[in-house]
Amino acid sequence: MTNRTLTVGLLGFGTVGTGVVRLLREHADEIASRLGATLIVGPVAVRDPQRVRDIPVARLTSDPAEVVDDPGVDIVVEVMGGVDPARTLIERALKSGKSVVTANKELVATVGFELADLADENHAWLEYEAAVAGGIPIIKPLRESLAGDRVRRILGILNGTTNYILTKMTEEGVDFAEALAEAQRLGFAEADPAADVDGADAASKLAILASLAFDSRIVAGDVFRDGITGVTATDIAHARRMGYVIKLLGIAESSNGDVGVRVHPALVPREHPLASVRESFNAIFVEAEAVGDLMFYGRGAGSLPTASAVVGDVVDVARGVLSGERPVNSLRRHGKTVRPMEDLTVQFYVLLDVADEAGVLAGVASTFGDHDVSIKSVWQEGHGDSAQLLLITHAARDGDLQRTLQDLRRLSSVRDVASVMRVEGGEA
Ligand SMILES: NC(=O)c1ccc[n+]([C@@H]2O[C@H](COP(=O)([O-])OP(=O)(O)OC[C@H]3O[C@@H](n4cnc5c(N)ncnc54)[C@H](OP(=O)(O)O)[C@@H]3O)[C@@H](O)[C@H]2O)c1
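Fair warning: this is a prediction, and the values are worked out from it, not measured in the lab.

What counts, and where the lines are drawn
Residues numbered from 1 in each chain as written. Predicted model: local features only at pLDDT ≥ 70, side-chain atom pairs only at ≥ 80, totals over all residues. Heavy atoms only, no water. Helix = DSSP H or I, 4+ residues; strand = E, 2+ residues; numbered from the N terminus. Buried < 20%, exposed > 50% of the residue type's maximum accessible area, 1.4 Å probe, protein only. Contact = heavy atoms within 4.5 Å. Areas by Shrake-Rupley, 256 points an atom, 1.4 Å probe, with all protein chains shown as cover. Lys, Arg positive; Asp, Glu negative; His and termini not counted. Charge placed at Lys NZ, Arg CZ, Asp CG, Glu CD. Near = heavy atom within 4 Å. Polar contact = N/O pair within 3.5 Å; in protein donor to acceptor, adjacent residues only side chain to side chain. 1 Å grid on protein atoms, 1.4 Å probe; cavity = no way out; pocket = protein on both sides within 12 Å on 5 of 7 lines; lining within 4 Å. Points joined across faces, edges and corners; volume = space filled by probe spheres on them. Nonpolar A, V, L, I, M, F, W, Y, C, P; charged D, E, K, R; others polar. Pairing = 2+ DSSP bridges. Core = buried A, V, L, I, M, F, W, Y, C linked by side-chain atoms within 4.5 Å. Phe/Tyr/Trp six-rings, centres within 6.5 Å; stacked < 30°, edge-to-face > 60°. Expected span 1.5 Å × (residues − 1). Salt bridge = Lys/Arg side-chain N within 4 Å of Asp/Glu carboxyl O. Axes fitted to C-alpha atoms, helices over the stretch in contact; angles between N-to-C directions.

A. The overall build of the protein chain, seen in detail. Counting its secondary structure elements, the protein chain contains 14 helices and 18 strands. Within the protein chain, buried positions represent 55% of all 428 residues. Nonlocal contacts in the protein chain, meaning residues at least 24 apart in sequence, comprise 74% of its contacts between residues at least 6 apart. With the model as given, the accessible surface of the protein chain reaches about 18,000 Å², and the carbon-plus-sulfur share is 47%. Side-chain charges in the protein chain split into 43 positive and 61 negative, and the spacing between the mean points of these groups amounts to 4 Å.

B. Quick look at the site of the ligand. Close to the ligand lie 23 residues, the nearest being Phe 13, Val 16, Asp 48, Arg 53 and Gly 302. At 2.7 Å from an oxygen atom of the ligand is found a main-chain nitrogen or oxygen belonging to Gly 302. Burial of the ligand by the protein amounts to 78% of the accessible area it has alone, namely 900 Å².

C. Layout of empty space enclosed by the protein. In the structure shown here, the tally under the stated rule is 1 cavity of 30 Å³ or more. Listed by contribution, the elements that provide at least two residues to the lining of the largest cavity are helix H5 (105-121) and helix H10 (200-213). Of the residues contributing to the lining of the largest cavity, the split by class is 7 nonpolar, 1 polar and no charged.

D. Geometry of the pairing of strand E18 (residues 414-423). Sheet analysis places strand E10 (residues 258-269) next to E18, joined by 2 bridges and oriented parallel. The residue bridging Leu 267 from the neighbouring strand is Val 423, located in E18. Bridging between strand E14 (residues 345-354) and E18 involves 8 bridges; their strand directions are antiparallel. Each bridged residue has a counterpart across the sheet, and for Val 354 the counterpart in E18 is Val 414.

E. Region of the structure containing the environment of Arg 153. Counting through the fold element by element, Arg 153 comes out in strand E7 (residues 151-157). The sequence separation of Arg 153 and Glu 30 amounts to 123 residues, and the corresponding C-alpha distance is 36 Å. Not counting chain neighbours up to four residues away, the residues in contact with Arg 153 comprise Phe 214, Ala 252, Glu 253, Phe 285, Val 286, Glu 287, Glu 424 and Gly 425.

F. Layout of the nonpolar core. One finds Ile 165, Leu 209, Leu 267, Ile 284 and Tyr 349 to be the most contacted residues of the largest nonpolar core, which totals 82 residues. Beyond its immediate stretch of four places on either side in the chain, Leu 209 contacts Val 132, Ile 138, Ile 139, Leu 142, Ile 154, Leu 158 and Ile 284. Listed in part, the 32 residues of the second largest apolar core include Val 46, Val 57, Trp 125 and Val 314.

G. Here's a closer look at the packing of aromatic side chains. For the structure shown, the criterion picks out 2 aromatic pairs. Judged by centre distance (5.1 Å) and plane angle (10°), the ring pair of Phe 281 and Tyr 297 falls under stacked. Residue Phe 281 is located in strand E11 (residues 281-288), and its partner Tyr 297 is located in strand E12 (residues 292-299); the two are separated by 16 residues in the primary sequence.

H. Quick look at helix H14 (residues 398-410). In this model H14 runs 19 Å from its N-terminal to its C-terminal C-alpha over 13 residues, within 8% of the 18 Å that 1.5 Å per residue would give. For H14, the set of buried residues is Asp 398, Gly 399, Asp 400, Leu 401, Thr 404, Leu 405 and Leu 408.

I. Spatial organisation of the pattern of salt bridges. Tallying each qualifying case throughout the model produces 32 salt bridges. Of the charged contacts, one joins Arg 143 and Glu 127 as a salt bridge, the two residues approaching to 3.1 Å between their closest N and O atoms. Taken together, the residues Arg 143 in helix H6 (residues 139-145) and Glu 127 in strand E6 (residues 126-127) connect sequence positions 16 residues apart. According to the relative accessible area criterion, Arg 143 is buried, its value standing at 18%. For Asp 201, the salt bridge goes to Lys 205, with nearest N and O atoms at 2.7 Å. One end of the pair, Asp 201, and the other, Lys 205, are both in helix H10, 4 residues apart, so they sit about a helical turn from each other. According to the relative accessible area criterion, Lys 205 is buried, its value standing at 5%. Salt bridges sharing partners connect three or more residues here, namely Arg 153, Glu 253, Arg 262, Glu 287 and Glu 424.

J. View of the sheet that holds strand E5 (residues 99-102). With parallel pairing, 6 strands are arranged side by side in an open sheet as E3-E2-E1-E4-E5-E6. The strands lining the two open edges of the sheet, one partner per strand, are strand E3 (60-61) and E6. Contacting strand E1 (5-11), strand E4 (75-78), E5 and E6, helix H4 (residues 86-95) crosses the sheet at an angle of about 150° to E5.

Printed below as a string of structure tokens:
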């Protein structure tokens, strides 16, 4: 073996931090033989150093500066979360030439470009594999394995909480509130689930993926976002009858020199590989020009799955530090602009509550036609007060569909536009 050692300091010792220390200890022999050096756990910063921890560490501190300023620390692992003070601490570590591994999607999706530039200026490494889809390797495949290809589109189930809720709604017929309550009881959803159910968490991850895949500067705020709180048990039942399942998807696509980025619930054909991703699992479906379709599937969260990605980055960074190799800034290119949502071309599912009278369908169809939205299929359901029309359109401009909806709401035969959802994974 070897007697070279590198010291890893941690900012945060919660769910992910605990997993990181466990892996660094339990897999120490394999890591040492792969790396040709030993990784040791140095100082660990927490909010409350008095609290008894599941795993003991030699040095717990409430002062994160003791980690980033410690000259004995070679690599800083940031697993505390939030933008501040994580950002300032990472900046301080990078400025002193320390390399940084982070799992913080919120941070990377907002100031990742600035941090990557700072790392570059200081010849330090900044890695963030765990920031997107936890344990699933997707950053390195996009950045390295697919560097010779051209990614066309990414469709991702990027949030385990919402996928768990939608799976329960689909398989048990329960409504959103009941599925959320069960997810919270079982620990799949936070007490405050807002960032998950409103799509913000998935939007951060999608911004990172889109930036890498399309060599662009895309931040979380660029991503169009609609969450799952409006998805009803009725939508799910209708989708099933038409051969679809409903998933919260993050979609990034590039065409004609710009990029579309959006997170929203979508009808996915039952035969599509993403349709079978159940419960809290994540998956990223990548369509690339030369290789064709790829799917990356696994645990998008959890202590050890996420720690697997963090420690993988730590080993990678350690190799770089030991070899003296100059790091490559993966967030340097700012090529394409973001295309407004209304200019994206999408297929739609529209559910209308309608009057049960002759000529309704003709009026509805001509309203779609007025805005160049062509209808692919129509189902008519129920009678009297419960009469409904379900329509699936061909791909149309999002803006044209929104204008169609405005006009449909003005038709006397349309009582309500009960639901509108995009359809993905089928028609190009
Ligand atoms: N959990 C997952 O499955 C998962 C998956 C992928 C990515 N991530 C990301 O990983 C990061 C960590 O998540 P987590 O679930 O491990 O969080 P967590 O369980 O809440 O742990 C946060 C840790 O950071 C410490 N901390 C927070 N603010 C601090 C401050 N100002 N000064 C010193 N210590 C501070 C906390 O100290 P105390 O222990 O004293 O409270 C705690 O140890 C987040 O960016 C998250 O988005 C998490």
